[in-house]
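Residue-level structure breakdown
Spelled out from the first residue to the last, the chains are:
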Amino acid sequence: MQVVSGMCIVQQSLFKDAYVILQAETGAIGRNRLKRFLKWLDKTGRQWTQPDLDAYKDFLQHDHHLHTSTIYQHMQSLRAHYIAILSNPDNYSHIPETERPDFVNNILNVLGYNTISITYETLLRDDEKFGSENMKVLLPPNSYQYRDTQLIAFINWLDRTQRHWTNPDLLVYKEHLLATTEMSIDTINNAINAIRRRYHETVENTDVLDALPVQQRQEFLDSMRKRLGYFDQFPSRSNPVREMLEDDPYNQSYLTPHQIRQLLNKPDPTTFTGVRDRALIALCLATGIQQFEACGVLVEHLRQSYDGQLTLFIPASKTRKARYIPYEESEWVLDWVDEWLKRAELTESFVFRGTYGNRDVLRPHGIAPETASDILSRYPITMYGTDVPLLFGDLRATCARRWYDNNHSLSEIERRLGTGYRRATLKLIGVRVRKVFGR
């Protein structure tokens with residue numbers, strides 16, 4: 001133990017002489033403030049690598065009765081001083097080179113820095129040699145690395161995800177922060193706003209814009225507010241578009257391809273009613289019609305034309321307008337329907353009819369909606385280890401989800417379904433508005 005100017009220097013015997021390391025001139029902290037901090041480290045027996053700034057803040061408040069704003073200034077200057085010390089590996093040359101990243105990152109973590117934005121690697125970068133185009137354009141010339149950490153974190157993310165600065169995708173970045181950090185929503189929004197401010201500063205620099213190809217420059221300027229995630233560039237949450245949506249992990253009422261095959265293999269095609277039931281289920285899976293609509297399908301409705309496509313025609317009802325539903329890649333279901341029509345010797349009127357008892361004798365009218373539901377319930381599929389009977393809503397959801405996955409617009413999906421309530425459509429196809437639009 002040494003005594004210097006009446007002070008007991010415990011730090012000499014702790015880890016590596018904090019007085020030598022931390023007293024390096026950095027210009028980030030005043031001499032008296034640093035001296036007070038070093039004395040506190042000695043008094044509390046703490047190593048300089050584990051400063052515990054919360055405890056030091058309490059010490060300044062209770063023992064020295066400093067004002068909150070003064071304490072804040074102390075904390076900022078002390079953290080800045082640490083960053084300046086850690087930015088020079090000569091200050092910890094006693095640490096083996098392979099151990100330095102963990103050594104520095106642990107100190108940064110104790111200091112309260114978010115180590116996804118500022119790390120050992122970022123501290124040691126040579127500004128003269130380092131710098132992606134994103135960094136050179138977006139990082140202000142007068143920026144210090146221990147400042148603007150939110151901006152540096154964003155630039156690092158651009159580089160990692162191979163995005164050019166002209167394509168910031170701030171909503172995607174916001175989702176990244178929500179998913180990978182414990183930052184509060186207010187902190188995340190502050191970071192987003194800081195990035196936006198920097199972009200607005202950047203576009204005022206004509207040299208930066210002039211360096212872009214004409215087309216790229218115009219595309220960037222035309223789409224900048226949307227790429228910066230301003231909500232006024234998107235429809236409302238009550239009427240979202242596809243780019244505002246994500247899969248809802250808590251809602252999947254549509255069937256998987258395996259479950260679809262399992263269901264279609266259930267009816268026995270060697271029996272009269274089996275051929276009918278298979279055709280009924282397949283047509284509903286292909287077109288998303290409900291049971292009362294299936295009951296009203298006539299032979300002449302099966303092969304109509306709409307916009308140059310082969311479609312199913314659904315007449316108007318009390319609640320829905322008449323509509324045409326394209327078969328697209330599901331046109332094969334007509335082969336099964338034709339097989340049923342041939343077996344039942346039907347050439348007109350209702351396609352799906354009931355039978356008298358157990359005989360293969362058709363009733364003259366179409367089946368009732370309750371009968372259609374009863375037919376579907378005869379063919380449960382195995383889910384979660386048990387047989388589960390299905391509803392027509394499951395078939396409708398499966399069809400709507402296929403259209404969604406095939407990149408049809410929500411408006412077109414709603415036209416085909418005969419509905420106009422967006423929230424119900426989203427629920428049916430198993431998607432929700434992305435979280436970034438909800439806060």
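Thresholds, definitions, all that
- Residues numbered from 1 in each chain as written.
- Predicted model: local features only at pLDDT ≥ 70, side-chain atom pairs only at ≥ 80, totals over all residues.
- Heavy atoms only, no water.
- Salt bridge = Lys/Arg side-chain N within 4 Å of Asp/Glu carboxyl O.
- Buried < 20%, exposed > 50% of the residue type's maximum accessible area, 1.4 Å probe, protein only.
- pLDDT = per-residue confidence, 0-100.
- Contact = heavy atoms within 4.5 Å.
- Helix = DSSP H or I, 4+ residues; strand = E, 2+ residues; numbered from the N terminus.
- Polar contact = N/O pair within 3.5 Å; in protein donor to acceptor, adjacent residues only side chain to side chain.
- Core = buried A, V, L, I, M, F, W, Y, C linked by side-chain atoms within 4.5 Å.
- Pairing = 2+ DSSP bridges.
- Axes fitted to C-alpha atoms, helices over the stretch in contact; angles between N-to-C directions.

Quick word on the pattern of salt bridges
Across all of its chains, the model carries 22 salt bridges by this definition. Notably, a salt bridge pairs Asp169 with Arg163, separated by 2.9 Å at the nearest N-O pair. A salt bridge links Arg276 to Asp277, with the nearest nitrogen and oxygen atoms 2.9 Å apart. Given the relative accessible area of 4%, Arg276 is considered buried. Three or more residues joined by partner-sharing salt bridges are found here, namely Arg276, Asp277, Asp374 and Arg378.

Describing the confidence of the model for the chain
Overall, the prediction assigns the chain a mean pLDDT of 86, with 91% of residues at 70 or greater. Segment residues 1-16 is flagged for pLDDT under 50; beyond a separation of four residues in sequence, or across chains, it makes 34 contacts in the model.

So, the side chain of Asp277
Topologically, Asp277 is positioned in helix α14 (residues 272-287). Of note is the side chain of Asp277, whose polar atom sits 2.9 Å from the side chain of Arg276. Sequence-distant contacts of Asp277, that is, excluding residues within four places in its chain, are made with Pro267, Ile375, Arg378 and Tyr379.

Remarks on the nonpolar core
Counting 64 residues, the largest nonpolar core has Leu263, Ile289, Leu302, Trp340, Val351 and Leu395 as the members making the most contacts within it. Here the element with the most residues in this core is α14; it accounts for ten residues. Among all residues touching Trp340, those that are not within four sequence positions of it are Phe272, Val275, Arg276, Ala279, Leu346, Val351, Phe352 and Leu362. Counting 32 residues, the second-largest nonpolar core is a separate cluster that includes Tyr19, Ile29, Trp48 and Leu86.

A look at the sheet that holds strand β6 (residues 323-326)
Overall, antiparallel pairing links the three strands, which are arranged β4-β5-β6 in an open sheet. Pairing within the sheet leaves two strands with one partner each, and these edge strands are β4 (304-306) and β6. On average, each strand axis in the sheet is tilted by 55° relative to the strand beside it, whichever way the strands run. Inspection of the sheet shows strand β5 (residues 309-314) paired to β6 by four bridges, in the antiparallel sense. The residue of β6 that forms the bridge with Thr311 is Pro326.

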